[in-house]
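Coordinates in review
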Amino acid sequence: MRHGAYTLALAGLIAGKRISTHWEYKTALVEALPRVSIEDKIYSVDGRVFSCAGGASSMDLMLHLIHEDYGQEISDWVAEQMVYTAPRDHSHSQRIPVQDRTGVRDRKLALAVETMRNNAEEPLSPDEVAEAVGVSTRQLERLFAKHLGTSPAKYYLSLRLERARQVLRQTELSVAEVSVLCGFVSPSHFSRSYKTAFGVTPSKEAGGRKLLWAAEGG
């Protein structure tokens, strides 16, 4: 795994600290770094440990630190010099909201997708998702069909498979461990679903990861 937070954790420099990381790496790092608290923020400041989620968020972090040390006027001046006129607070969401990504402004649909994302390891049934959102199962099916062109079950499966792909590529977890982490009771079902989605089996994906790390000197 080529990631700064991972390297710092192995060196014992961020144990017990709160950090931010890119959303794509969060699942893998939560599994690999149980002693580190990973926040859903674009940047985090915990004592002398500063971390951010990506390239743009490093500017937000820098402007925050300038503001803390030198005040709002200097921070605003630096932002204008950078032509970065809309600095974000640390709690700003890392990911584009479902409404903005799809062009759909349905609050119930957005809540359903977020509910699915938050329940990947122990997937909910369509009835349970519908109940969490406050609609009937049939209404939920109509929302997904109308706005996303798929069913709730198929969309949920795609979210879990994408999560599995990230973890397989970024950690040393076994295929069986990733299968359980992403809510698949049967490893064979996981393997078939993965190959259908990505054209390669989970085992080959994991094997390619090891070859890549070896080529990088890991």
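Keep in mind the model is a prediction, meaning the values are calculated, not measured. (Residues numbered from 1 in each chain as written. Predicted model: local features only at pLDDT ≥ 70, side-chain atom pairs only at ≥ 80, totals over all residues. Heavy atoms only, no water.)

1. Concerning helix 8 (residues 137-147)
- Residues of helix 8 that are buried: Leu140, Leu143 and Phe144. Taken end-on, helix 8 shows its buried residues confined to a sector of 90 degrees, consistent with a single buried face. Among the exposed residues of helix 8, those pointing more than 90 degrees away from its buried face are Arg138 and Lys146.
- On its buried side, helix 8 packs onto helix 6 (107-117), helix 7 (126-133) and helix 9 (152-170). (Buried < 20%, exposed > 50% of the residue type's maximum accessible area, 1.4 Å probe, protein only. Helix = DSSP H or I, 4+ residues; strand = E, 2+ residues; numbered from the N terminus. Arc of directions from axis to C-beta. Contact = heavy atoms within 4.5 Å.)

2. Some words on the packing of aromatic side chains
- Summed over the entire model, instances satisfying the criterion amount to four aromatic pairs.
- Between the aromatic rings of Phe184 and Phe190, the centroid separation amounts to 5.0 Å while the plane-to-plane angle is 45 degrees, which identifies the pairing as tilted.
- In this structure Phe184 comes out as buried when scored by relative accessible area, which is 3%.
- For Phe190, a relative accessible area of 0% corresponds to the buried category.
- Between the aromatic rings of Phe190 and Tyr194, the centroid separation amounts to 5.7 Å while the plane-to-plane angle is 70 degrees, which identifies the pairing as edge-to-face. (Phe/Tyr/Trp six-rings, centres within 6.5 Å; stacked < 30°, edge-to-face > 60°.)

3. Quick word on the packing of helix 6 against helix 9
- Remark: helix 6 packs on helix 9, axes separated minimally by 10 Å, with the N-to-C direction vectors making an angle of 45 degrees. By the angle class used here, helix 6 and helix 9 are oblique. In this structure, helix 6 crosses over helix 9, and the sense of that crossing is right-handed. Across the interface between the two elements, Val113, Met116 and Arg117 of helix 6 pack against Pro152, Tyr155, Tyr156 and Leu159 of helix 9.
- Residues belonging to the contact of helix 6 with helix 9 are distributed by class as follows: six nonpolar, no polar and one charged. (Axes fitted to C-alpha atoms, helices over the stretch in contact; angles between N-to-C directions. Parallel < 35°, antiparallel > 145°, perpendicular 65-115°, else oblique. Left-handed = near helix turned anticlockwise from the far one by under 90°. Nonpolar A, V, L, I, M, F, W, Y, C, P; charged D, E, K, R; others polar.)

4. Quick notes on the environment of Ala79
- With respect to the helices and strands, Ala79 occurs in helix 4 (residues 72-81).
- A residue is classified by how much of its surface remains accessible, and Ala79, at 4% relative accessible area, is buried.
- Taking C-alpha positions, Ala79 is 9.7 Å from Met62, a pair spaced 17 residues apart along the chain.

5. Points about the pattern of salt bridges
- The final tally for this structure, using the stated rule, is seven salt bridges.
- A salt bridge links Glu114 to Arg117, with the nearest nitrogen and oxygen atoms 3.8 Å apart. Here Arg117 and Glu114 lie together in helix 6, a separation of three residues that amounts to about one turn.
- For Arg117, a relative accessible area of 23% translates into the label partly exposed.
- Close ionic contact of Arg165 with Glu205 constitutes a salt bridge, the shortest N to O distance being 3.7 Å. A residue pair is termed long-range when its members are at least 10 positions apart, and Arg165 in helix 9 and Glu205 in helix 12 (residues 202-215) qualify at 40 residues.
- On the basis of relative accessibility, which here comes to 12%, the residue Glu205 falls in the buried class.
- Among the charged side chains, a network of salt bridges with common partners joins Arg18, Glu39, Lys41 and Asp46. (Salt bridge = Lys/Arg side-chain N within 4 Å of Asp/Glu carboxyl O.)

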